[in-house]
2 protein chains.
Amino acid sequence: MRKLLLSLSFDGTAFHGWQVQPNGVTVQQCLQDALERLYGIRPDVTGCSRTDAGVHARQFCCHYCDSGRLKTREIVGALNAFLPKTVSVRECIEVPLDFHARYSCIEKQYIYRMYVSRTRDPFLEGYALRLIRPLDLFAAGQFCNAVTGAHDFIGFSSSGRTTEDTVRTVRDCHMEQAGFEYRFVISADGFLYNMVRILVGTLLWVCEGKIDPAEVPKILASKNRSLAGPTAPPYGLYLEQVFFGEGQVKPDAAI
Amino acid sequence: MRKLLLSLSFDGTAFHGWQVQPNGVTVQQCLQDALERLYGIRPDVTGCSRTDAGVHARQFCCHYCDSGRLKTREIVGALNAFLPKTVSVRECIEVPLDFHARYSCIEKQYIYRMYVSRTRDPFLEGYALRLIRPLDLFAAGQFCNAVTGAHDFIGFSSSGRTTEDTVRTVRDCHMEQAGFEYRFVISADGFLYNMVRILVGTLLWVCEGKIDPAEVPKILASKNRSLAGPTAPPYGLYLEQVFFGEGQVKPDAAI
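Residues numbered from 1 in each chain as written. Chains lettered and ligands numbered in written order. Predicted model: local features only at pLDDT ≥ 70, side-chain atom pairs only at ≥ 80, totals over all residues. Heavy atoms only, no water.

(A) Molecular detail of the overall build of chain A. A count of helices and strands for chain A gives five helices and ten strands. Radius of gyration (C-alpha) of chain A: 19 Å, near the 18 Å computed for a compact globule of 255 residues. Principal-axis analysis of the C-alpha atoms places the extent of chain A at approximately 60 × 45 × 35 Å. Restricting to contacts in chain A with at least 6 residues of sequence separation, those with at least 24 account for 69%. Within the structure as shown, chain A displays about 11600 Å² of accessible surface, and the carbon and sulfur contribution to it stands at 51%. Positive and negative side-chain charges in chain A, numbering 28 and 27 respectively, have mean positions lying 4 Å apart. (Helix = DSSP H or I, 4+ residues; strand = E, 2+ residues; numbered from the N terminus. Rg over C-alpha atoms; globule rule 2.2 N^0.38 Å. Contact = heavy atoms within 4.5 Å. Areas by Shrake-Rupley, 256 points an atom, 1.4 Å probe, with all protein chains shown as cover. Lys, Arg positive; Asp, Glu negative; His and termini not counted. Charge placed at Lys NZ, Arg CZ, Asp CG, Glu CD.)

What follows is the structure in structure tokens.
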């Protein structure tokens, strides 16, 4: 038996997230369909995280086991032939048997894309949030600084559960700008349900002057969801990179 | 009566080009449907060029006439509410009555997007041509230099017609690279049918060593389609900018 790690990219537009569920097509389902065509049996596949409906991934990782007869390069080619064009296997590598796509993951990076335009851009529609006015990048920077570090993010989560540990450590949080496009970039050891989308919704309120940047640490400390901003739409969000403890699995090195 | 110039962006994936035709939906048709909903009548619309099925446009220009009762800002808003998400009106400006979207145009810029990856990228699929190997940018540069200037491009055209003047002046032709992405950029006073796509097909052959860069001037002079390379697929091609003689109409300045 062999354990394999797949690195995927997917356009989340038409998917109800990663995890198999009764209503709507999920990426996991699509991948299992493709694996079933390749192997004749339907292997269990474990993902690095759930993702919300409509969220994209430049790198999503998952693991499964096989008998080790096929070359990893052949697996990539066969799966991509069977998968819809909105999902791509970028890499397949053998990993130790104790590797786990979720528990071996030590850090994830998410990106939220936005752009400024009075009119919609057909090439960004569904892939970035359109803003009417430029962001106040000074206020945005203050927000990012306040978010960085270890905090209990329960107030920035849609989950009602309070039994689990809701402290997460944000190693990096910053804004990038190129022309009329913005990227909110955040790396952490883990993320709560809807956490990035609520952070972005709050960032937008901070930039609009609805929340004073100086209030952000207090809002975090309050653990009160109602003090944070709204949940930004899913289509601007990308799972960008997934990092593992022993040796990194990087997105398609391309060449 | 008033003459209006519309600047559009459209995702060409699902369209059979700009111009109304019996089979398949075109951008012109969509726009006329939206104009009919706004005005109650169906105005004639004249585009700056035909575009092939599947070709995209970041800026496509067209003109039509109305009675002048609506504000240009209202027209943009109303049309965008009626148009599918793959088409967007970026700007509407009043122009002199002797303005013509095609004949007043003095230069167009096209871009052809490519990327290098062993596996498909779901976010570039249908929007850039995937290459297996990096391009030989030195050979590509030689090709671009050979193409620049005034040439009879009949050998780089799919049109059988030889009665019209087939000399076009390429003011600028160069390659851009960012990471694993390439852009072939070309600006000229006009383009023949399929000209950019055949230039790109030839560029790829030059980069693969199938055509010696030193042969390109001879191929141009031969006016022989069979000596040039293949026609690259439409989905990598973008009409990027359209320039007019008196005052430029620029793509959405965004803010």
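(B) Looking closely at the interface of chain A and chain B. If you look at the interface, chain A gives 33 residues, while chain B gives 33 residues. Across the interface of chain A and chain B, roughly 2700 Å² is buried in total on both sides, 55% from carbon and sulfur atoms. The interface formed by chain A and chain B holds zero salt bridges in total. Of all the secondary structure elements, the ones that give two or more residues to the side of chain A that touches chain B are strand 1 (2-10), strand 3 (56-66), helix 2 (72-82) and strand 4 (87-95) of chain A. Partitioned by chemical class, the residues of the side of chain A that touches chain B number 17 nonpolar, seven polar and nine charged. (Buried area = accessible area lost by both parts, 1.4 Å probe. Salt bridge = Lys/Arg side-chain N within 4 Å of Asp/Glu carboxyl O. Nonpolar A, V, L, I, M, F, W, Y, C, P; charged D, E, K, R; others polar.)

(C) Spatial organisation of the side chain of A:Lys3. All names here are of chain A. Residue placement: lysine 3 occurs in strand 1. Despite being buried, lysine 3 has no salt bridge partner; aspartate 98 is the closest side chain of opposite charge, sitting 6.9 Å away. The contacts of lysine 3, once residues within four sequence positions are left out, are His63, Tyr64, Cys65, Ile93, Glu94, Val95, Pro96, Leu97, Asp98 and Phe99. (Buried < 20%, exposed > 50% of the residue type's maximum accessible area, 1.4 Å probe, protein only.)

(D) Representation of helix 1 (residues 27-39) of chain A in the model. Residues and elements named next belong to chain A. Here helix 1 spans 18 Å end to end across 13 residues, near enough to the 18 Å set by a 1.5 Å rise per residue. Residues of helix 1 that are buried: Val27, Gln28, Cys30, Leu31, Gln32, Ala34 and Leu35. Against the buried residues of helix 1 lie strand 1, strand 3, helix 2 and strand 4. Just beyond helix 1, the residue with positive phi is glycine 40, at close to 85 degrees. (Expected span 1.5 Å × (residues − 1).)

(E) Molecular detail of the confidence of the model for chain A. All names here are of chain A. Overall, the predicted model of chain A reaches an average pLDDT of 93, with 95% of residues at or above 70. Taken element by element, chain A is modelled with least confidence in helix 5 (residues 216-222), mean pLDDT 94, and with most confidence in strand 9 (residues 181-188), mean pLDDT 98. Interface confidence for the predicted complex, expressed as ipTM, amounts to 0.90; the pTM equals 0.92. (pLDDT = per-residue confidence, 0-100.)

(F) Expanded view of the pattern of salt bridges. All names here are of chain A. Scanning all chains against the criterion turns up 22 salt bridges over all chains. Its salt-bridge partner being lysine 218, residue glutamate 215 comes within 3.3 Å of it at the nearest N-O pair. Connected via shared salt-bridge partners are Asp33, Glu36 and Arg42.

(G) Local environment of the relation of the copies chain A and chain B. Aligned on chain B, chain A shows an RMSD of 0.0 Å; the corresponding rotation is 180 degrees and the shift along the axis is 0.0 Å. Each copy turns onto its partner about a two-fold axis. In terms of C-alpha distance to the rotation axis, chain A has A:Phe123 as its closest residue, with the C-alpha 5.2 Å off the axis. (Least-squares fit on C-alpha atoms with pLDDT ≥ 70 in both.)

(H) Geometry of the environment of B:Ile154. Topologically, B:Ile154 is positioned in the loop between strand 7 (149-152) and strand 8 (167-178). We classify B:Ile154 as buried; its relative accessible area is 13%.

(I) A look at the packing of helix 3 (residues 137-147) of chain B against helix 4 (residues 195-207) of chain B. Residues and elements named next belong to chain B. Their axes nearest at 9 Å, the elements helix 3 and helix 4 cross at an angle of 140 degrees. Here helix 4 runs oblique to helix 3, going by the angle between their axes. Where helix 3 crosses over helix 4, the two elements pack in a sense that is right-handed. Each of Ala139, Ala140, Phe143 and Val147 in helix 3 lies in contact with helix 4, whose residues at this interface are Leu199, Thr202, Leu203, Val206 and Cys207. Considered class by class, the residues forming the contact of helix 3 with helix 4 number eight nonpolar, one polar and no charged. (Axes fitted to C-alpha atoms, helices over the stretch in contact; angles between N-to-C directions. Parallel < 35°, antiparallel > 145°, perpendicular 65-115°, else oblique. Left-handed = near helix turned anticlockwise from the far one by under 90°.)

(J) Fine view of the pairing of strand 3 of chain A. Residues and elements named next belong to chain A. Of all eleven residues in strand 3, nine are buried, a share of seventy percent or more. As defined by bridge partners, strand 2 (residues 46-47) adjoins strand 3 across two bridges and the pair is classed as antiparallel. Looking across to strand 3, one finds that glycine 47 is bridged to cysteine 62. Here strand 3 runs beside strand 10 (residues 237-244); their pairing, made up of two bridges, is parallel. When the sheet's bridge partners are listed, histidine 56 is paired in strand 10 with tyrosine 238. (Pairing = 2+ DSSP bridges.)

(K) Region of the structure containing the side chain of B:Ser9. Considering the arrangement of structural elements, one finds B:Ser9 in strand 1 (residues 2-10). Engagement of the side chain of B:Ser9 in a polar contact is seen with the backbone oxygen of B:Arg58, the distance being 2.7 Å. When near neighbours in sequence (up to four residues on either side) are disregarded, B:Ser9 contacts A:Pro122, B:Ala57, B:Arg58, B:Thr86, B:Val87, B:Ser88 and B:Arg90. (Polar contact = N/O pair within 3.5 Å; in protein donor to acceptor, adjacent residues only side chain to side chain.)

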